Amino acid sequence: MATPGAVHEALAGLELVDHHCHGAVTSGLTPEELASLLTEGEAWPGVSPFDTPAGVAVRRHCAPLLDLPRHAPPADYATRRAELGPQEVNRRFLRAAGAGAFLVDTGYAPHPLTSPAELAAASGAAAFEVVRLEQVAETVAARGVEPDEYAARFRAAAEEAVRRPGVVAVKSVAAYRTGFALDPARPAHAEVTGAARRWLAAAAPEGGGTRLTDPVLVRHLLWTAVDLGLPLQLHTGFGDADLRLHHADPALLTDWLRLVSGAVPVLLLHCWPYHRQAAYLAAVFERVYLDVGLALHHTGPARCRAVLEEALEITPFRKLLYSSDAYGLAEFHHLGALCFRQGLAGLLQARVDADELSLPDALRIAAWTGRDNALRLYGPHGLQGLHGLFGPPVSDPARDPSGGPTRKV
Amino acid sequence: MATPGAVHEALAGLELVDHHCHGAVTSGLTPEELASLLTEGEAWPGVSPFDTPAGVAVRRHCAPLLDLPRHAPPADYATRRAELGPQEVNRRFLRAAGAGAFLVDTGYAPHPLTSPAELAAASGAAAFEVVRLEQVAETVAARGVEPDEYAARFRAAAEEAVRRPGVVAVKSVAAYRTGFALDPARPAHAEVTGAARRWLAAAAPEGGGTRLTDPVLVRHLLWTAVDLGLPLQLHTGFGDADLRLHHADPALLTDWLRLVSGAVPVLLLHCWPYHRQAAYLAAVFERVYLDVGLALHHTGPARCRAVLEEALEITPFRKLLYSSDAYGLAEFHHLGALCFRQGLAGLLQARVDADELSLPDALRIAAWTGRDNALRLYGPHGLQGLHGLFGPPVSDPARDPSGGPTRKV
Amino acid sequence: MATPGAVHEALAGLELVDHHCHGAVTSGLTPEELASLLTEGEAWPGVSPFDTPAGVAVRRHCAPLLDLPRHAPPADYATRRAELGPQEVNRRFLRAAGAGAFLVDTGYAPHPLTSPAELAAASGAAAFEVVRLEQVAETVAARGVEPDEYAARFRAAAEEAVRRPGVVAVKSVAAYRTGFALDPARPAHAEVTGAARRWLAAAAPEGGGTRLTDPVLVRHLLWTAVDLGLPLQLHTGFGDADLRLHHADPALLTDWLRLVSGAVPVLLLHCWPYHRQAAYLAAVFERVYLDVGLALHHTGPARCRAVLEEALEITPFRKLLYSSDAYGLAEFHHLGALCFRQGLAGLLQARVDADELSLPDALRIAAWTGRDNALRLYGPHGLQGLHGLFGPPVSDPARDPSGGPTRKV
């Protein structure tokens, strides 16, 4: 029954939903700027960011899309990239990603980045927006607000933000601000007012330092996110130098997840190196999901399958999603997709070949994790229209109460 | 010297000691009940528990034992299971497990489960009992006790419980109640009395809420366990939704293990995803042991070898044991055994094939971990009689002081 | 382009820099002493330390160097080792390691060990010294010092120690003493004096208990290390029973690393099972490096590649170094090197074979991690002279600003 390579073929042809990414830079890049965007850290003197698993993967898998040989030297790569210009570079990589939809976090843009509409135009895919709630809160503070009005104003601003067309989810970077070792309870109004008073007072003198790092306000933000009713994306695990990695272990969210009790879908992003912890949460809490975005292109084709194997050890197959978490370099929108397709296909095909998994099951799992789980989650919030674009999802079959593969793929 | 497949053959024929499991359900199951028992979480609307690594493994490896084709659909599986009835289903799977003995935790039974004697009858193996100490303590409380008598009454009740024929070990689920970030010291009598007073007072009004979660009483329970002199099984790592996973990291037990100082064997159960931490403890503390039960059937044949590879990275080969941690579904008594045999055989055979391990060493390691380490640990407490059943253990050869393989297998 | 086995060949011929090890025992060993040195724990009655992954690896890979068959029994091994005597045993294993230089931690010697000069003579390699700062501090205390002079006297003693010829780095075992969950800030002088007063007073009566475990003094030691300007080696992760493993997670150092801000190179030693956390730190902080020493020979050839695969998932290739962390048994100086060569070659060759990595890139990565990253880091502090010994490093090519492989290997 198992055609050799059938899973690879199916995944190669699957229009992915990249459920969490950022825009691509719209300006040309000097070699130094390119190097800096290649890494989650910075470019360091004498140490090339190309000398990393991600850098090696870019030279191997992205160079050919710029008409260069595989493994092209970094200098050639930078030159050719500059020659083609950002528009053409973005067009090539974003189309190569083969996504049907991108969900774009628009709340972090130290560089000039494509808007969702520009990303859609460049990629030929649909693009949707994810609202970063810390940015909403900080904008409320920057515009001036009385401490006892902060809670209501933030809530109103967030509600307004998510009413914008194309918004399908909210996101929090609480992991960066306080970490997850927080009191899980919803803070009382007086507590929020007191914390807002301290925050706004501290911020005022400099007129800019409104970075939200107060633990009470971060808790308040997470509970406000729940009230909004949209799927909530949470940065967990791996990120840049501004993080305490161990505070971003999603297991620390357990008590909060228990209190929230499935009010909204919670999507644990990235997760590495705590993807097994995330898998446990996804296995025991009904509306908890995960992806291994960011880790896909940073570990590269050499290791992304291993990371996916660990992430899927106990994760229910309806609970894993695909994201690239690409930021800045359109290379990463492409590389994330490539790593996901290759890694997952390798994993599934090996199980089919060992007769541990039937081919129809493997194909369903591929479609679910690459596309349908996202459609199912975000669909009620605006991705619905995509069903036409994607064709009927594999994920809504008429099924008996015990579920399972009662439908041909 | 290495016959191809010799390790697989040896493990296939080895009568295992499943040193930690629960009973199998004695009632028929609706499809919903079956689905619910398939997962450590619950069955969720629209998401089949069959769509998990464990569910896939059940359809692949258990369906044929119910006369169904491999990868049978869940609905067919549930129907056929109901048709055969619980007795026949249990008989088939429990015999297929190929265990010589089951050690059964009898302290957790939200469903009607086989007693050890019933498990023995259905499986054709011997069955022994593991006393769950939290249940003993809660029974003492439920029956009414003065706070200053709690310590003595609990101790007496525990001593009585372990004197019952067939009891070979005690168990604690402290991981669920407080986690392991406890003061490691033995609590003073006054402290225990004070804590018991608060606990019993809080429990009284409702007349039922005697769940033991007080940190002083949990510490007291652990130290009482040590006093009993029997091997102590500790839940660590992976479990159901009632857990804070990171509080169940066995590394948190380090100070307590140092104080206990090998007074009794301590068996770290399950451990995933902290099996490397458990391996460290087993490598440096004389009487600390581990297994990867529960993770075997939840990760399935596709990943159990990888988990065993990690668990055995530095673990002395006399320190790993086999358990299924099966609960409710006899499928899991079988699947745990199958995963252990396949995973360990794959691991060992690959090392023999690469000439990194001699075949006699591989066979010794298989016999030790699957059976003899358990016989050695539990033997003085009642498993001794099994030596006849099992034939001479590989684990007690006359050896020179530096140990080692001076004996043919 | 890729000659089959070219990476294995290159790594087999590469003169390694073992950037962290200890001396080898200079006395003969009874079977019991041999057994005890085989493990990070102790030898336990009835459980042979040969029945571990490291013991199996010694019998497989070290026995032939003692003219014994592969997989020789432990008793034969111990007999033959005693027969040859420590000098000959050390000579054989240290030469087999194929290192060009050993960096020797001289601050821990419960057994009679080779000095760096003796290690150099036995191995035919160069040997350098790493000063363990806890030993310097404890010597200052043991000799008698007024509390308010402690800071200056420790600083002076450390400066004197690192001025000795051949010293190229300092080391701290803070992981063992307090763990890394420390206040990261540099302690004020008064705080140090107060802590020194308590420490010296507590130590005085017994006249020997000057073990440095005070959190303020450990912080002070780490900051003094930074002031010295030499590369700083930090024990992290796996070690002996005197450790709380989870307190040695290098992620706990994040805030301190941020404050130190690259003032000196910080080398995270061992790291297992937190090597992914260490990799994250190496990826985002400019002067943070890691190795997986100790884990190499303890996991053995069967698993060292897997550990290296995880360690290199996101680690920049200029950030991984080689160390054996061998202590006592020269077997481990050899086995560490063998595991590193085999594991890394397997990893790199597989990527070359899959065309995920070019052969020249693979060869550069091998030379960097096995030798040149160490030369680059320790070179300014005295390893410079080795450049002649080693031939021109691959690591200093004239490169374009974005770096990369512009030079043939």
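To be clear, the structure that these remarks concern was listed above.
Residues numbered from 1 in each chain as written. Chains lettered and ligands numbered in written order. Predicted model: local features only at pLDDT ≥ 70, side-chain atom pairs only at ≥ 80, totals over all residues. Heavy atoms only, no water.

All names here are of chain A. Taken in spatial order, the seven strands make up an open sheet running 1-2-3-4-5-6-7, and their pairing is parallel. Every other strand in the sheet has two partners, leaving strand 1 (16–21) and strand 7 (288–290) as the edge strands with one partner each. When the angles between neighbouring strand axes are averaged without regard to direction, this sheet yields 25°. The pairing of strand 6 (residues 266–270) with strand 7 spans three bridges and is classified as parallel. If you follow L267 over to strand 7, its bridge partner there is Y289. (Pairing = 2+ DSSP bridges. Helix = DSSP H or I, 4+ residues; strand = E, 2+ residues; numbered from the N terminus. Axes fitted to C-alpha atoms, helices over the stretch in contact; angles between N-to-C directions.)

With that settled, consider the nonpolar core. Core analysis: the largest hydrophobic core is formed by 400 residues, its most contacted members being Y150 and W256 of chain A, Y150 and W256 of chain B together with Y150 and W256 of chain C. Excluding residues that lie within four positions of it along the chain, W256 of chain B makes contacts with P184, L222, W223, V226, L232, L234 and V266 of chain B. (Core = buried A, V, L, I, M, F, W, Y, C linked by side-chain atoms within 4.5 Å. Buried < 20%, exposed > 50% of the residue type's maximum accessible area, 1.4 Å probe, protein only. Contact = heavy atoms within 4.5 Å.)

So, about the environment of C339 of chain A. Residues and elements named next belong to chain A. Note on placement: C339 falls in helix 16 (residues 330–353). Residue C339 is classed as buried on the basis of its relative accessible area of 0%. Considering only alpha carbons, one finds C339 and A82, 257 residues apart in sequence, at a separation of 25 Å. Discounting chain neighbours no more than four positions away, the residues touching C339 are L296, H297, G300, P301, C304 and L344.

The next point concerns the pairing of strand 1 of chain A. Residues and elements named next belong to chain A. Counting buried positions over the six residues of strand 1 gives six, a clear majority of the element. Judged from the four bridges that link them, strand 1 and strand 2 (residues 99–105) form a sheet pairing that is parallel. Residue pairing for strand 2: C21 is matched across the bridge by V104.

Attention shifts here to the interface of chain B and chain C. At the interface, 39 residues of chain B touch 43 residues of chain C. Summed over both sides, the interface between chain B and chain C buries roughly 3500 Å², with carbon and sulfur atoms accounting for 57% of that surface. On inspection of chain B and its partner chain C, the count reaches eight salt bridges. One salt bridge connects E313 of chain B with R303 of chain C, and the closest N-O pair in it is separated by 2.8 Å. The interface formed by chain B and chain C holds 15 residue pairs in polar contact (both at pLDDT 80 or more) in total. Every element with two or more residues in the side of chain B that touches chain C is listed here: helix 11 (254–260), helix 12 (275–284), helix 14 (304–311) and helix 16 (359–378) of chain B. Looking at the side of chain B that touches chain C, the element that brings in the most residues is helix 12 of chain B, giving six residues. Here the side of chain B that touches chain C is built from residues that sort into 15 nonpolar, seven polar and 17 charged. (Buried area = accessible area lost by both parts, 1.4 Å probe. Salt bridge = Lys/Arg side-chain N within 4 Å of Asp/Glu carboxyl O. Polar contact = N/O pair within 3.5 Å; in protein donor to acceptor, adjacent residues only side chain to side chain. Nonpolar A, V, L, I, M, F, W, Y, C, P; charged D, E, K, R; others polar.)

Before going further, it helps to spend a moment on the relation of the copies chain C and chain A. Here chain C sits on chain A after a turn of 120° about the axis and a move of 0.0 Å along it, with an RMSD of 0.0 Å. Such values leave the two copies arranged in the relation of a three-fold axis. Measuring from the rotation axis to each C-alpha of chain C, the shortest distance belongs to A306 of chain C, at 5.9 Å. Of the residues that chain C buries at the interface, just 3% are likewise interface residues in chain A, meaning the two copies contact each other through different surfaces. (Least-squares fit on C-alpha atoms with pLDDT ≥ 70 in both.)

Residues and elements named next belong to chain C. One way to put it is that helix 12 (residues 275–284) packs onto helix 14 (residues 304–311) with a least axis distance of 8 Å and a crossing angle of 35°. For the pair helix 12 and helix 14, contact is made by H275, R276 and A279 and by V307, E310 and A311, respectively. Taken together, the residues of the contact of helix 12 with helix 14 sort by class into three nonpolar, one polar and two charged.

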